[in-house]
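Here is what each chain is made of, one letter per residue.
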Amino acid sequence: MRRARHVGRARRGDTPPPRTGGSEAEVLRGFLDYLRESVSVKVEGAPEPAVRTAAVPSGTHLLGLLGHLTSVERATFLGERVDDWSATFRAAPGDSVADVVARYRQAVAEANGVLDGCTDLSAPVPRPRSNGPAPSLRWALTHLIEETGRHAGHADILRELIDGATGR
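Residues numbered from 1 in each chain as written. Predicted model: local features only at pLDDT ≥ 70, side-chain atom pairs only at ≥ 80, totals over all residues. Heavy atoms only, no water.

Draft legend 1. Looking closely at the environment of F31. By the element assignment, F31 lies in helix α1 (residues 24-43). When its relative accessible area of 31% is taken as the criterion, F31 is described as partly exposed. Along the chain, F31 and G149 lie 118 residues apart, while their C-alpha atoms are 9.4 Å from each other. (Helix = DSSP H or I, 4+ residues; strand = E, 2+ residues; numbered from the N terminus. Buried < 20%, exposed > 50% of the residue type's maximum accessible area, 1.4 Å probe, protein only.)

As structure tokens, then:
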């Protein structure tokens, strides 16, 4: 059964998963960067006020998802402490879409700066140890792939509910 295409809905083609180098680090980094870009593109260009309006009972909205992922990047790779993870899902009233996307991309760039200097995936992430030993780089990359992929899926649904935009 073929679905009718709705007039006015923005449809993008899907970007296939990345073809990366053969090493474990290249594969992990490639998939993480792919997911990072997927989630930021979902938020970019989303209209106000829908981008900050909850479309599901949990209260989740696009700006909150990207704000949360910014905190996850900064905590995991840069050692920033987060005392209230629930608060990371809230956007400040004055935050524009461009502000939130720029903060996320800056956190990703800083995290990649740390990752660029790492060659041993079993070594701890080189960040300050504020609350115990740092996880291995392998664990951190795998966790960020899982976390970012999970929220990219949420962003897909939320963006489609907002304006019908689909694809990556």
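Draft legend 2. The arrangement of the confidence of the model for the protein chain in detail. On average, the protein chain scores 88 in pLDDT, and the residues at 70 or more come to 87%. Contacts for the low-pLDDT stretch residues 1-9, under 50 throughout, to residues beyond four places or in other chains number four contacts. (pLDDT = per-residue confidence, 0-100. Contact = heavy atoms within 4.5 Å.)

Draft legend 3. Spatial organisation of the packing of aromatic side chains. Under the counting rule described, the total for this entry stands at one aromatic pair. Centroid distance F31 to Y34: 6.5 Å. Interplanar angle 75°. Geometry classified as edge-to-face. Note that F31 and Y34 are positioned in helix α1 at a spacing of three residues, about one turn of the helix. Judged by relative accessible area, Y34 falls into the buried class, the value being 13%. (Phe/Tyr/Trp six-rings, centres within 6.5 Å; stacked < 30°, edge-to-face > 60°.)

Draft legend 4. Representation of the pattern of salt bridges within the structure. One pass over the full model with this rule turns up 14 salt bridges. Across the pair R81 and D83 runs a salt bridge whose closest N-O atoms are separated by 2.7 Å. Summarising the burial analysis for this pair, R81 and D83 share the class exposed. D163 is the salt-bridge partner of R159, the closest N and O atoms lying 3.1 Å from each other. Here D163 and R159 lie together in helix α4 (residues 137-163), a separation of four residues that amounts to about one turn. With a relative accessible area of 26%, D163 lands in the partly exposed category. Salt bridges sharing common partners tie together D33, R36 and E73. (Salt bridge = Lys/Arg side-chain N within 4 Å of Asp/Glu carboxyl O.)

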